[in-house]
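The residues making up each chain are set out below.
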Amino acid sequence: MPDQFNNVTGKAHTGNNFCVIQPYGETVNVGRGDGLELKGFWYTNSSYTVYAIENGDGMSTVPGAFTKDDWFKCIVTGMKADSTTVSVDIMLAKDGKYVNDWQYVDLSSMGKIKSLSFSFDGTKKNDYGVTTPGYICIDDLEF
């Protein structure tokens, strides 16, 4: 997988670095006390995810590339100081198209949060869950 940790744009949103998120249930602590307000961040697809969208992932019960009815999303969940959660969905592919440039997600509706977690959902699945590679590339977190 030579493009596993590359993004589909081939570069960072700004600067020379970006972050590749491939979650396994971890959380990222972003604030103490009551938490902090995260305005948002820039995101795009990983090259590996796009390869699976265009060519199929080889594990789904419905083989082949995405069709206009398939979709794939990242769910960003923030945990507040009182342990309640709030989520924002980022659509990475739908209606026969996929994210192929840097886009901004507004997270201000979350309010003050102490931590973030990432998960994925989509139409390409098997008995174990989503088979589309669960990666998202992010850059320029804004507080």
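Heads up: these notes are all about the structure in this document.

Parameters at a glance
- Residues numbered from 1 in each chain as written.
- Predicted model: local features only at pLDDT ≥ 70, side-chain atom pairs only at ≥ 80, totals over all residues.
- Heavy atoms only, no water.
- Pairing = 2+ DSSP bridges.
- Helix = DSSP H or I, 4+ residues; strand = E, 2+ residues; numbered from the N terminus.
- 1 Å grid on protein atoms, 1.4 Å probe; cavity = no way out; pocket = protein on both sides within 12 Å on 5 of 7 lines; lining within 4 Å.
- Points joined across faces, edges and corners; volume = space filled by probe spheres on them.
- Nonpolar A, V, L, I, M, F, W, Y, C, P; charged D, E, K, R; others polar.
- Core = buried A, V, L, I, M, F, W, Y, C linked by side-chain atoms within 4.5 Å.
- Buried < 20%, exposed > 50% of the residue type's maximum accessible area, 1.4 Å probe, protein only.
- Contact = heavy atoms within 4.5 Å.
- Phe/Tyr/Trp six-rings, centres within 6.5 Å; stacked < 30°, edge-to-face > 60°.
- Salt bridge = Lys/Arg side-chain N within 4 Å of Asp/Glu carboxyl O.

### Regarding the sheet that holds strand 2 (residues 27–29)
Point 1. Taken together, the five strands give an open sheet; going across it, the order is 2-10-5-6-7, and neighbouring strands pair in antiparallel fashion. Single-partner strands in this sheet number two, and they are strand 2 and strand 7 (97–98).
Point 2. Relative to strand 7, strand 6 (residues 85–94) is paired through two bridges, and the arrangement is antiparallel. For Lys94, the partnering residue across the bridge sits in strand 7 and is Lys97.

### Quick word on the pairing of strand 13 (residues 136–142)
Point 1. The pairing of strand 1 (residues 19–21) with strand 13 spans three bridges and is classified as antiparallel. In the strand pairing of strand 13, Ile21 is matched with Ile136.

### Points about the layout of surface pockets
Left-over empty space is what a probe sized like a water molecule reveals as it rolls over the atoms.
Point 1. What the largest pocket holds in volume is close to 330 Å³.
Point 2. Lining the largest pocket are 19 residues; nearest its centre among them are Val130, Thr131, Thr132, Pro133 and Gly134.
Point 3. Elements supplying a minimum of two residues to the lining of the largest pocket: helix 1 (47–55) and strand 10 (115–122).
Point 4. When its residues are assigned to classes, the lining of the largest pocket shows 11 nonpolar, seven polar and one charged.

### Describing the nonpolar core
Point 1. Counting residues in each nonpolar core, the largest one holds 24 residues, and the members touching the most others are Phe41, Tyr43, Val76, Ile90 and Ile136.
Point 2. For this core, the elements supplying multiple residues, two or more each, are strand 4 (40–44), strand 5 (72–79), strand 6, strand 10 and strand 13.
Point 3. Top contributing element to this core by residue count: strand 6, with four residues.
Point 4. Apart from the residues within four sequence positions on either side, Phe41 is in contact with Val76, Ile90, Gln103, Tyr104, Val105, Leu107, Phe118, Ile138, Asp139, Asp140 and Leu141.

### A word on the packing of aromatic side chains
Point 1. The tally for this structure, following the rule as stated, stands at six aromatic pairs.
Point 2. With 6.2 Å between their ring centres and 65° between their planes, Phe5 and Tyr135 make a pair best called edge-to-face. Taken as a pair, Phe5 in the segment before strand 1 and Tyr135 in the loop between strand 12 (129–130) and strand 13 lie far apart in primary sequence, 130 residues in all.
Point 3. Overall, Phe5 belongs to the partly exposed group, its relative accessible area being 49%.
Point 4. Ring geometry for Phe18 versus Trp102: centroids 6.2 Å apart, planes at 65°, classification edge-to-face. On the criterion of sequence distance, the pair formed by Phe18 in the segment before strand 1 and Trp102 in the loop between strand 7 and strand 8 (103–106) is long-range, its members being 84 residues apart.
Point 5. Residue Trp102 is classed as buried on the basis of its relative accessible area of 12%.
Point 6. Here a set of aromatic residues connected by ring pairs shows up, and it is made of Phe5, Tyr48 and Tyr135.

### What to know about the pattern of salt bridges
Point 1. Evaluation of the coordinates by the stated rule reveals three salt bridges.
Point 2. A salt bridge links Lys68 to Asp69; the nearest nitrogen and oxygen atoms lie 3.6 Å apart. With respect to class, Lys68 is no different from Asp69; both count as exposed.
Point 3. With a shortest N-O distance of 3.0 Å, Asp121 and Lys125 are connected by a salt bridge.
Point 4. Residue Asp121 is classed as partly exposed on the basis of its relative accessible area of 24%.

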